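An overview of the molecular structure
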Amino acid sequence: MEYFAQQLVYGLTLGSVYGLIAIGYTMVYGIIGMINFAHGDVFMVGAFLSLIVYLVLVAIGITFVPIALLLVLVIAMMLTALYGWTVERIAYRPLRGSFRLAPLISAIGMSIFLQNYVQVAQGPYLKPLPPVVTGGFKFGAAEGFTVNVSNVQLIIVLTTIVLMAVFSLIVGKTNFGRAQRACEQDRKMAALLGVDVDRTISLTFVLGATLASVAGLMYLLYYGVVDFYIGFVAGVKAFTAAVLGGIGSLPGAMLGGLLIGLIEIFWGAYVSGAWKDVAAFSILIIVLIFMPNGLLGRPEVEKV
Amino acid sequence: MAAPASDAPVQKAPAPAIVPAIKDAAIAALITLGLAAPIMGLVTVQSLGKVQLEPHWMRVVLAVAVVFVGRLVLNLTLWAPRAGKSAPLITPEVEAQLKAVTRYAAPVALAIAVLLPFVPGVERTTVDLATLVLIYVMLGWGLNIVVGLAGLLDLGYVAFYAVGAYSYALLSTQFGVSFWLCLPLAGILAALWGVMLGFPVLRLRGDYLAIVTLAFGEIIRIVLLNWQSVTGGPNGIPNIPKPTFFGIDFTPGPGGFADTFGLTPSGVHRVIFMYYLILALALFTNYVVLRLRRLPIGRAWEALREDEIACRSLGVNTVNTKLTAFALGAMFAGFAGSFFATRQSLVSPESFTFIESALILAIVVLGGMGSQFGVALAALLMIGGFELFREFEDYRMMVFGVVMVLIMVWRPRGIVSSRSPSVFLKERKAISGSLVQEGHG
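Counting starts from 1 at the beginning of each chain's written sequence and moves along it residue by residue. In the order they appear in the text, chains get letters beginning with A and ligands get numbers beginning with 1. It should be noted that, the model being predicted, local features are given only for residues of pLDDT at least 70 and side-chain atom pairs only at 80 or more, the latter also being counted only at that level, while totals for whole chains, interfaces and linings use all residues.

Let's shift gears to the overall build of chain B. A tally of helices and strands in chain B yields 17 helices and 2 strands. Burial statistics for chain B: of 441 residues in total, 42% are counted as buried. Within chain B, contacts between residues at least 6 apart in sequence are counted, and of these 75% link residues at least 24 apart. We count a stretch as a helix when DSSP gives it H or I for four or more residues in a row; a strand needs E for two or more, and each element gets its number in order from the N terminus. In this scheme the burial state of a residue depends on its C-beta neighbours within 10 Å: 20 or more other such atoms mean buried, 12 or fewer mean exposed, and anything in between means partly exposed; the C-beta positions come from the backbone. Each residue is represented by a C-beta atom placed from its backbone, and any two residues with such atoms within 7 Å are regarded as in contact.

As structure tokens, this is what we get:
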């Protein structure tokens, strides 16, 4: 029981990170119907930017942890958003309305570019960061079993919950959210009714990149190490999460992220660490066989 | 009488507007500064167990300058606003001419390929490189069945390549089965896996299919990596035997190839033999694909690619059609895989990563999915270019990514994007690829 609860904590933490990345995939897919293959690498860039900004802050003497983290969060978000915007502008916008495989290949190219760009610029080695946030809580000592929840894990889960709430509000209530949902349903009609489609799509990428940078910061705080390759694996997992939850659905992405995180951790804890990725992918395939639209996805209506 | 002054600015031929061009370039440079300053300017280095920042501002200045000047030049020349919208660079007429050129280009390329090892001045390394290119040509043609003809997006093609390679590696090292027997076996096994993957994904469409194939490719790779007792784990399987020339080994001693045919023993013989072997395999793939396109099954694939609903309502069995596409595509990957295993004499999971799948898919799409010649051309350019710039280890992958993006932006339909219909009523008309809808399956 103790072991189980502890693994649950790990799973939720990892799942939160996946969920944050998955939202970027699901939104972009919802609005322009393409897999943004470079999104995992935008997440990686976000993690690197967080590390760099943090080191800069330390260098100029801002070491009070809450302030430093908040500043890192805001600055890294903005810089990563710039990356997201640029990727869309260079690699996807010229291909809008082209046939379906073209943006996908362009995205794969962009992903390869970002990975190697960071590798060339920052060097291929692992970049460790000593723990910034330390300490934690012990739960249930009185009942005879203890579950450790570190402050980092708490921060990750809470930040994710807050961001999800803010995000649902943005998509549900603001003008941008309405425009975005309109573009998702019918881009041409939305354009006719005065929605600036290009701007909406750009903003979608910016928002996705923002969340990815938060995920990057969380990853950095949690694992304390980044390298140029983390984007691929995390990206594939997060996309799996988005598909599992039903692509195009925001709650689905979060649910899928949590599920993938939990599956991975529990499989690693109870069965075998080496096979946890196989478990995650197998479950994806099994879910898709029985529910081709994912867990919370809308059924696709075929029209002639 | 005063001239109508208000009309003058409109009528005048538009001079290259310097000020907006500079403004635009400045904005681009500013964005580059924002992008490059943290990642390129501040390098994280480890010293004494601590991570520290090391400024490299020259790189940032260089990047910003390149973007500013480049953007300015482009703004004033290529992107300069003109009075009328210029016609697209490649019109259907040009496409038709290109098509005519490719008609001659293909036989010429074939002749060069056949004669290559005997052209004076061609060295062993060149033949070796050509062998590598041909492996990718063959993989490209195989994947073209799935992606180009049937319109199913497969991101895990390398899994079948791996199945073929490991089938041969295991059968030959464990049971001593010869290459010539293993080749069809590897193909059949890979096709079997193709069907196994095909079954669950039959109901999926578009990107769901893409992600499931990607997941499948990763599963295969992880299994190869972790199933130590059978696959040797990360070390792979070494000492895979080479094929023989109708039972004659390429060993220098008596009974070897050189001895039998009265030649001076040389390592080149095997290299040339391997080259012709993969050339034959690739041509076989090409022949089969071209024939299949004319058969009912090939026509069903292309119909499926264009419109699945129409296909179903006309009575095409979509299940069988998709499964055969997967199986045949996988089969050729299996052939290529067993050739790869015997050429390398070592297989390990790191040869079968996602990047390989992406590379093969890129070859198919960049080459132009309708054109067999385009695929071969793309394989030559990409793999050849890759090997040519081997010294620039890190940069070449970066450039590779950029090239993929640029070619897609420039010609979304690939380099050779015209296609001729597989069946026609009176005359064969080449049409531009941009008029064809595809890739929705």
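What follows concerns the overall build of chain A. Secondary structure summary: chain A contains 11 helices and 4 strands in total. Taken over C-alpha atoms, the radius of gyration is set against a globule rule of 2.2 Å times the number of residues to the power 0.38. Computed over the C-alpha atoms, the radius of gyration of chain A is 19 Å, within 12% of the 19 Å expected from 2.2 N^0.38 for a compact globule of 304 residues. Here chain A holds 304 residues, and 49% of them are scored as buried. Looking at chain A alone, contacts between residues at least 24 apart form 74% of all its contacts between residues at least 6 apart.

Often the size quoted for an interface is simply the accessible area lost on bringing the parts together. In this document the domain limits rely on a domain assignment from an automatic tool or a database. Domain parsing of chain B yields domain 1 (16-76) and domain 2 (92-435). Computed from C-alpha atoms alone, the centre-to-centre distance between domain 1 of chain B and domain 2 of chain B is 40 Å.

Take Pro296 of chain B: it is sitting in helix 12 (residues 296-306). Look at Pro296 of chain B and you get exposed, because 10 C-beta atoms sit within 10 Å.

What follows covers the interface of chain B and chain A. The interface of chain B with chain A comprises 49 residues on the first partner and 58 residues on the second. With 12 residues, the single largest contributor to the side of chain B that touches chain A is helix 8 (residues 206-226) of chain B. The residue inventory of the side of chain B that touches chain A, partitioned by class, reads 36 nonpolar, 8 polar and 5 charged. Classification used: nonpolar for Ala, Val, Leu, Ile, Met, Phe, Trp, Tyr, Cys and Pro, charged for Asp, Glu, Lys and Arg, polar for all others including Gly.

The next subject is helix 11 (residues 268-294) of chain B. By definition here, a helix of n residues has an expected span of 1.5 Å times n minus one. Along its 27 residues, helix 11 of chain B runs 40 Å from first to last C-alpha, staying within 8% of the 39 Å computed at 1.5 Å per residue. Considered for burial, the residues of helix 11 of chain B that qualify are Val271, Met274, Tyr275, Ile278, Leu279, Leu281, Ala282, Thr285, Asn286 and Val289 of chain B.

What follows is about the environment of Met331 of chain B. Residues and elements named next belong to chain B. Looking at where Met331 falls in the secondary structure, it is placed in helix 14 (residues 318-344). For Met331, a count of 26 C-beta atoms within 10 Å translates into the label buried. Once the C-alpha coordinates of Met331 and Pro254 are considered, the two residues, 77 residues apart in sequence, prove to be 37 Å apart. Each residue touching Met331, except ones within four places of it in the same chain, is listed here: Gly187, Ala190 and Ala191.

Working note: regular strand, side chains alternate between the two faces of the sheet. All names here are of chain B. Counting buried residues along strand 2 (residues 50-55), only 0 of its 6 residues qualify, which leaves the element largely exposed. Two elements, strand 1 (residues 42-47) and strand 2, share 6 bridges in a ladder whose sense is antiparallel. In the sheet register, Leu42 faces strand 2, and the bridge partner there is Pro55. Think of it this way: DSSP has to see at least two bridges between two strands before they count as a pair.

Turning next to the packing of helix 6 (residues 175-185) of chain A against helix 8 (residues 197-223) of chain A. All names here are of chain A. Angular values range over 0 to 180 degrees, each being the angle between N-to-C directions of two axes fitted as lines to C-alpha atoms, with helices fitted over their stretch in contact. At a closest axis distance of 10 Å, the pairing of helix 6 and helix 8 adopts a crossing angle of 105°. By the angle between their directions, the pair helix 6 and helix 8 is classed as roughly perpendicular. Here Phe176, Ala179, Gln180 and Cys183 of helix 6 lie close against helix 8, whose contacting residues are Val197, Thr200, Ile201, Leu203 and Thr204. Here the residues of the contact of helix 6 with helix 8 are counted per class, giving 6 nonpolar, 3 polar and no charged. Geometric relationships in this document are graded by angle, where less than 35 degrees denotes roughly parallel, more than 145 denotes roughly antiparallel, 65 to 115 denotes roughly perpendicular, and other angles denote oblique.

pLDDT runs from 0 to 100 and stands for how confident the predictor is about each residue. Per-residue pLDDT for chain B averages 82, and the proportion of residues at 70 or more is 86%. Counting interchain partners and residues more than four positions distant, the pLDDT-below-50 stretch residues 437-441 of chain B has 21 contacts.

Now for the nonpolar core. Residue and element names in this part refer to chain B. Nonpolar cores are built from buried Ala, Val, Leu, Ile, Met, Phe, Trp, Tyr and Cys residues. These are joined into a set through C-beta atoms within 7 Å. Met138 and Ile363 are the most contacted members of the largest nonpolar core, which has 219 residues in total. Each of domain 1 (16-76) and domain 2 (92-435) accounts for three or more of the residues forming this core. For Met138, the contacting residues outside a window of four places in its chain are Ile278, Leu281, Ala282, Thr285, Phe332 and Ala336.

Residues and elements named next belong to chain B. Two numbers describe how helix 12 lies on helix 14: the axes approach to 10 Å, and their chain directions differ by 105°. The pairing of helix 12 with helix 14 is recorded here as roughly perpendicular in orientation. Residues Ile297, Ala300, Trp301 and Leu304 of helix 12 lie in contact with helix 14, whose contacting residues are Thr318, Thr321, Thr324 and Ala325.

Right, let's talk about the environment of Val51 of chain B for a bit. Its location among the elements puts Val51 of chain B in strand 2. Discounting residues that sit within four places of it in the chain, Val51 of chain B has contacts with Leu55, Lys127, Pro128 and Leu129 of chain A together with Thr44 and Gln46 of chain B.

We now examine unusual backbone geometry. Of note, the phi angle at Asn239 of chain B is positive, near 55°, even though the residue is not glycine. The class for Asn239 of chain B is exposed, based on 9 C-beta atoms found within 10 Å.

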